[in-house]
Each structure stands twice: as structure tokens, then as C-alpha cells.
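Chain by chain, the residues run as shown.
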Amino acid sequence: MDLVLPGLGLTFWMLLVFGLLMFLLKKFAWKPILTALHEREHSIDEALKSAEVAREQMAKLNSDNEALHKQAREERDQILKEAKEMKNEIIAEAKKSAEEEGKRMIQRATEEINKQKQNAIAELKGQVATLSVNIAEKLISNQLSNNAEQQAIIASQVNNLNNNQQAIA
Amino acid sequence: MPENKGLLILSKLQLFVLISVFTLFSPVFSFANEPVSEHKTEVKADTTAAHENHEISATEHSAAGHGEQHGEAVEAFNPGKMILDHVKDAHDWHILDYNGHPVGVPLPIILYDNGLHVFSSAKFEHGHAVVEIKGNFYKLHDGHIYKTDAAGTIEIGEKKAVMNAKPMDFSITKNVLALFIGAALMLFIFLSVAKAYKTRGKAAPKGLQSLVEPLIVFLRDEVIKPSVGKHYARFLPLLLSIFFFIFINNLMGLIPIFPFGANLTGNIAVTMILALIVFVVVNFSGNKHYWKHIFMPDVPVGLWILLIPIEIIGVVLKPFVLMLRLFANITAGHIIILGFFSLIFIFGQKSVGAGLGASVLSVAFTLFMSVLELLVAFLQAYVFTLLTSLYIGSATEEHHHAEDHH
């Protein structure tokens, strides 16, 4: 029966000690502990949140970078393409002008050649005329002395003439 | 949530460490305690040399003018008496018997009987001597102090009730000393932890701090916050104090050597005060919905006559059950462990061999029970705190039915 009957002394001391204990713990232990825990949790929360924000900013920055990269690449491609086109154009133009120049030179050369030919023909014609006159002079002077010889001279002269003409032609 | 889970795992880990430490040490303590705490049996079971001691002690007892009751106790081992003596409060802290003489720590006796009387419990000589203080005579009989005449006569009335008058006894008994030690330990732990929080600021917990913090966070987030509701912060100091008081004193009660091992949380006076505090707090924090629920329940008026008494009984019954549950669980744990040890001496009375054989089993069972008691130590503290939180929660919650009607 003693077991289930609260003793006066222990009841009194329990009330006193537990009351005091609770007061002291509340004031000097639970308050600082719970406040510190709360503050720490709060700061961890804040840190997590700011980390999240930083992560988002990082992601945004990354995507910005990506876009910049892409743009730069496109620009480079564009420039390269333009350069290539320009190169092709220049080459084509150079080719064209070179061709034209060549043609013009050939034409000029042909013209020159023709002119020289004309000149040569004209000169030849003059010489032939002089020669003919000379021959004729000689013929006329020879005819007067010898008839047979006259015939031979004429024949050789004509032969000469033919040969000359063939060479000219 | 994952943070809480992590902390919970941590607390489980630390509990595991605690359990393993106790498991390692409990047999050592048990062995240290067992042969000495019940010398009476050893006297009976041991050799003739011990038997002579027994004879000497018996003669000494009779020389001290002692009654036949004590003589009987020496004759045969009485497990019931031994267990009850260990489980109950006492005026001195009995550690062991040596050569038939009890060895223990005498404690101060404080009596209020027309003035305050303070003296050492050693003066009672374990109930053999009558103490005279300022013309009053006191005698220790069955763990209680009675007023007697100069010869120390104890009048036994019907049903073995003692008829002598009892002075008001505010003695520092075994349990009171254990209470002081427990309170001092709690103050030491939590004040140093509080200091650690102050000096370390928001840094990660360290040492004692990391042992206590998971428990505090677990109680706050998993027990108190969900049970009490939005006003939980106001009740945190009380509930944490109650939890750690029960838990620490439960654990201390499991260490079987002075200055621990007192059955403090298994004492009805201690659990009664705890339950009383819960009763007062619950009813003083009860809002109008709480009182309306008791005195004007949501049932037809005709049923009020039936329901109001039930509700009022419920108000008292809740803390009453808290008191009984803690008392019964902890006392039962102590009784079972002591019971297993008694087996050694019961068998030892038949033969030494049987006693040795029984001791193997007994130690194994005690080891098992000690581990189980570690679980119970936590569980009972947890259950007491959880139920208190629920009672406070139901007393302070805003009534949803009433809100629906508005």
C-alpha cells in the first residue's frame, strides 16, 4: 500500500525542486536554446533561399552567355560567307578583266600585224614597180642590140617575177 | 522535412550509443550489486564461516533490543520484501550489506513536529534505536518515522496498521536526494548547452549540444508542434522540462549503484506532482471552447446530465492516468529486474550450484530487461510529453464547429 500512497516529504520536495528547476531551465536554458535554434534555422533558411536566387541568376547568366555565343558564331559565319563571296567576285572579275585584256592585246597584235602586212605589201608593190621599171629599162636597152637575147632576158625576168609573186603571196 | 528526418536519425544513433553503453555496463553493475545487496541469503547459502556471521548478526540484533520481525527476515530470503524495499523510498541510501551489517549513506532527517527537528538517519540505526529530540521520541518502522515512548513501543492495531502518531516528515530521503542529483544534472546539462549556443552562435552543434539538440528539435517539431498547435511556443519550456526530467531520471534509475538507481520516476509522489502540473496547466490554458465542451456539450440538453459528469471525470482522469502510467511502467521495470536477481538467491537457498546456474539465466534476462528498460525510459518520457501536448492542444484549439456556424 505504501507504494501507491504519495509520501508527504517527497511530494513537497518534488513540487519545490521541479518548480525551481522549471523556472531556472526556462529562464536560463530553454529560452537561449530555443532562440538560438530558431535563429539558426532562420539563417539556414535564408542561406538556402539566397543560394536558390544565386543559382537562378547563374542560370540566367549562362543562358545569356549562350545567346551571346550563338550570336557571335552567327556573325563570324556571316563574315566568312561575305569574305568568300567577295573573294569569288574578285577572282571572277580579275579573270574577266584578264580575259578582256588578253583579247584586246590579241586584237591589237592582229591589227598591228595586218598593218605591217599592208605596209610590207605596199613596200613590195613599190619595189616590184621599181624592179619592173628597171627590168623594162634593161629590156628596152637589150632589145635594141639583140633580138634572140631579148627573148631570153624577157623569159628569165618573167620567171623571176612569178617567183617573187609566189613568195609574196 | 528532410532536415528533421536527418536529426531524427541522429537522435536514433545517439540513443543507440547510449543503449550500447548501458548494455555494456549493466552486467558489471549488476554483478557488483547482486552478491552484496542481499547478504541475508548468502549467509544462508554459504559456508559455515558465513553462517557464524549470521549468528553473530542475529545475536547483535537481539542485543539491540530488536523485535522478532527482523529476525525472521534474516532467517530466509524474502524476495517480495527485498524488491519492495528497493523500489520504495527510504530514509537512508542502502548500498550493500557487509558481514550482516548494512552499508549505506545516512541521509538527513527533517521532521516538523512542534518545531523543526534535523538529525542524521544514522541515529535510527536502521530502525533499531529510538531517537530522542527535545523530549520527543522517534522510531523508524517499516520505512516510516513514528512518535513513540522512550522504550520505542510500536502499537500494532487491526490489519497490522501502526497506531502511533506520525510527525510531518520532510526528510531528504533516497528519492529526494536522487531528485536533487537529477535536477543538478539537468541544470548542468542544459545550462552548459545554453552557454554553448550563446558562445557558438549559429555554428553547428558540438559535444553535449549535439546530443541534446536532436531531441529538442524532435520534440518541438514532431511532438509538440503538431499536437499543441499554433500556441506551441508558450508551452515548450514546460513540455521540454517534463520530458527531460522524466527521461534523465528514468535513465538514472537504471544505473544500479549509488548515487543512481533510485526509483524516482516510479514513485507515485513524483508522478503525482508531474500530473498535477499538467492538470493545472491544461485547465488554466483552456479557452472558452474547452469549457463549453465540458459544461455545454453539443448534444441535446437532456443528455447533459449524463455527459457533463463524464466530461468532468475525463478532466481529472487524463492526468490521473498520466500519473499511473509512468509510475507503473518504471516501478514494474525495477521490480522485474530485481525479480530476476531474486531468482539467484531463491535457487541459491536450495544449493550453491542451482544458484550459480540460475545466475547465468538471471543475468541474461536482466541484460535483456535493462535494454528494454532503456527503450521504456525514452518511451515513457515521450508518451507523457505527447499526451500532455495533446491535452494542452485540445484545451487551446479554436473550435472548428463553432466557426462553421458563424
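Because the structure is a prediction, the values reported are computed rather than measured. (Residues numbered from 1 in each chain as written. Chains lettered and ligands numbered in written order. Predicted model: local features only at pLDDT ≥ 70, side-chain atom pairs only at ≥ 80, totals over all residues. Heavy atoms only, no water.)

**Re the interface of chain B and chain A**
- Contacts between the two partners involve 52 residues from chain B, matched on the other side by 34 residues from chain A.
- When chain B packs against chain A, the two sides together hide about 3,800 Å² of surface, and 82% of this comes from carbon and sulfur.
- Taken together, the links from chain B to chain A amount to 2 salt bridges.
- Two residues, Glu 213 of chain B and Arg 40 of chain A, come together in a salt bridge whose shortest N-O distance is 2.3 Å. (Contact = heavy atoms within 4.5 Å. Buried area = accessible area lost by both parts, 1.4 Å probe. Salt bridge = Lys/Arg side-chain N within 4 Å of Asp/Glu carboxyl O.)

**Focus: the nonpolar core**
- Ranked by size, the top nonpolar core spans 79 residues in total, and within it Ile 33 of chain A together with Phe 190, Phe 244 and Phe 245 of chain B carry the most contacts.
- Among the elements of the structure, helix H1 (8-143) of chain A together with helix H6 (174-200), helix H7 (208-228), helix H8 (232-254), helix H9 (268-285), helix H10 (288-295), helix H11 (304-350) and helix H12 (352-396) of chain B are those that each provide at least two residues to this core.
- In terms of residue count, H8 of chain B provides more of this core than any other element does, 16 residues in total.
- The residue makeup of this core includes at least three contributed by each of domain 1 (5-29 + 175-404) and domain 2 (39-84 + 104-172) of chain B.
- Beyond its immediate stretch of four places on either side in the chain, Ile 33 of chain A contacts Phe 190, Val 193, Ala 194, Tyr 197 and Ile 216 of chain B.
- Judged by nonpolar contacts, the second largest core, of 11 residues, contains Ile 83, Val 87, Phe 345 and Met 369 of chain B. (Core = buried A, V, L, I, M, F, W, Y, C linked by side-chain atoms within 4.5 Å. Buried < 20%, exposed > 50% of the residue type's maximum accessible area, 1.4 Å probe, protein only. Helix = DSSP H or I, 4+ residues; strand = E, 2+ residues; numbered from the N terminus. Domains from an automatic or database assignment.)

**Some details on the sheet that holds strand E3 (residues 108-112) of chain B**
- Read across the open sheet, the 3 strands follow the order E4-E3-E8 (chain B); overall the sheet is antiparallel. At either end of the open sheet lies a strand with only one pairing partner, and these are strand E4 (116-120) and strand E8 (168-169) of chain B. (Pairing = 2+ DSSP bridges.)

**A few points about H8 of chain B**
- With 23 residues, H8 of chain B should reach 33 Å at 1.5 Å per residue; the first-to-last C-alpha distance of 32 Å fits that figure.
- The largest bend in H8 of chain B comes to about 30 degrees, at Leu 238 of chain B. (Expected span 1.5 Å × (residues − 1). Bend = angle between axes of the 7 residues up to and from the residue.)

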